[in-house]
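Summary of structural features
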Amino acid sequence: MRLFVSVDLPDELAEPVADLQAEFVDASGLNVTDPEQAHLTMTFLGEVDEDRLPSLRGELEAAVEDAGVDPFTARFGGLGVFPTLDYINVVWLGVERGGSELTRLHEAIEERTTAMGFEPESHDFTPHVTLARMEHAGGKELVQELVRERDPTVGEMTVDELRLTESTLTDAGPVYSTLESFPLA
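My aim in this report is to walk through the structure given alongside it, one point at a time.

Procedures and definitions
All residue numbers refer to positions counted from 1 along the written sequence of the respective chain. Thresholds applied to this predicted model are a pLDDT of at least 70 for local features of residues and 80 or more for the giving and counting of side-chain atom pairs; totals over whole chains, interfaces and linings are not thresholded and use all residues. Computation of side-chain values: all heavy atoms of the structure, hydrogens and water removed. Each aromatic pair joins two rings of Phe, Tyr and Trp (for Trp, the six-membered one) with centres within 6.5 Å, and gets the label stacked for planes under 30 degrees apart, edge-to-face for over 60, and tilted for any other angle. Helix and strand definitions follow DSSP, with helices as H or I runs of at least four residues and strands as E runs of at least two, each counted in order from the N terminus. Relative accessible area decides the class of each residue, using a 1.4 Å probe on protein chains only: under 20% of the type maximum gives buried, over 50% gives exposed, and in between gives partly exposed. Ring-over charges, as used throughout, are those where CZ of Arg or NZ of Lys falls within 6 Å of the ring centre and within 35 degrees of the ring normal. Here the nonpolar core consists of buried residues drawn from Ala, Val, Leu, Ile, Met, Phe, Trp, Tyr and Cys, with membership extended through side-chain atoms lying within 4.5 Å. We call two residues in contact when some of their heavy atoms are within 4.5 Å. Identification of polar contacts relies on pairs of N or O atoms within 3.5 Å, with a donor-acceptor requirement for protein atoms, meaning one able to donate a hydrogen and the other able to accept it, and with residues adjacent in sequence counted only if both atoms are side-chain atoms.

1. Examining the packing of aromatic side chains
On inspection of all chains with the given rule, the structure shows two aromatic pairs. Taken together, a centroid distance of 5.3 Å and an interplanar angle of 85° make the contact between Phe 4 and Tyr 176 edge-to-face. Here Phe 4, found in strand β1 (residues 2-8), pairs with Tyr 176, found in strand β9 (residues 173-183); they are 172 residues apart in sequence, far enough to count as distant. A relative accessible area of 4% places Phe 4 in the buried class. Here Phe 82 and Trp 92 contribute two aromatic rings whose centre-to-centre distance is 5.4 Å and whose plane-to-plane angle is 40°, an arrangement assigned as tilted. Taken as a pair, Phe 82 in strand β4 (residues 72-83) and Trp 92 in strand β5 (residues 88-97) lie far apart in primary sequence, 10 residues in all. Accessibility expressed as a relative area gives 27% for Phe 82, which makes it partly exposed. Over the ring of Phe 118 we find Arg 52, and its NZ or CZ is 4.4 Å from the ring centre.

Spelled out as structure tokens, the structure:
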């Protein structure tokens, strides 16, 4: 099973995410993500054997408790890219409010999951929602211009749970399903 821990955006933010993605429609080589599946990846776990699920669930429950984060408001806005504006792989929507809570949750999750033998992230945690992936640099200049000049605010939500999410890769793109939810304090 291909798994990650996520904060899923609510349905009412799908349209504002899609509207923002539409601004990139003329960027050749850019493939947008499904706005109905918009989420923040807290930790990517990769391929996990099903027999590890019970212990993983227990550790994620403990991580949420360790973090001591009560439900909070996250506001989504601003644009960015990974790794750099000169070499774009991912275009993302940032977090204007709630980033410190998300970081505390990420750190608690990563501490528990690395103790279980999962690989830690190879880069610093930047809370974000992936908007698109760059397949080739044809539309790079347009993406650079939009990222530099636009500072959109998409909306906000109450973050009151984390989800253990399974990603099934299909020809039409990944399909996500929630295996379990972990309510905050």
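2. Looking at the nonpolar core
Counting residues in hydrophobic clusters, the biggest one holds 52 residues, and the most contacted among them are Leu 9, Met 42, Leu 56, Phe 76, Val 143, Leu 162 and Leu 164. Sort the elements by how many residues they give to this core and helix α2 (residues 53-67) lands first, with six residues. Setting aside anything within four residues of it in sequence, one finds Phe 76 in contact with Leu 9, Leu 13, Leu 40, Leu 93, Gly 94, Val 95, Glu 96, Val 129, Thr 153, Val 154, Gly 155 and Met 157.

3. Quick word on the environment of Glu 121
Summarising the element assignment, Glu 121 is placed in the loop between α3 (99-115) and β6 (128-134). Judged by relative accessible area, Glu 121 falls into the partly exposed class, the value being 25%. Placed 77 residues apart in sequence, Glu 121 and Phe 44 show a C-alpha to C-alpha distance of 7.7 Å. A polar side-chain atom of Glu 121 sits 3.4 Å from a polar atom in the side chain of His 123.

4. Topic: the side chain of Thr 165
Along the chain, the position of Thr 165 falls in strand β8 (residues 161-170). Its relative accessible area of 2% is what places Thr 165 among the buried residues. Among the polar contacts listed, one links the side chain of Thr 165 to the side chain of Ser 6, at a separation of 2.9 Å. Each residue touching Thr 165, except ones within four places of it in the same chain, is listed here: Arg 2, Leu 3, Phe 4, Ser 6, Asp 8, Tyr 176 and Ser 177.

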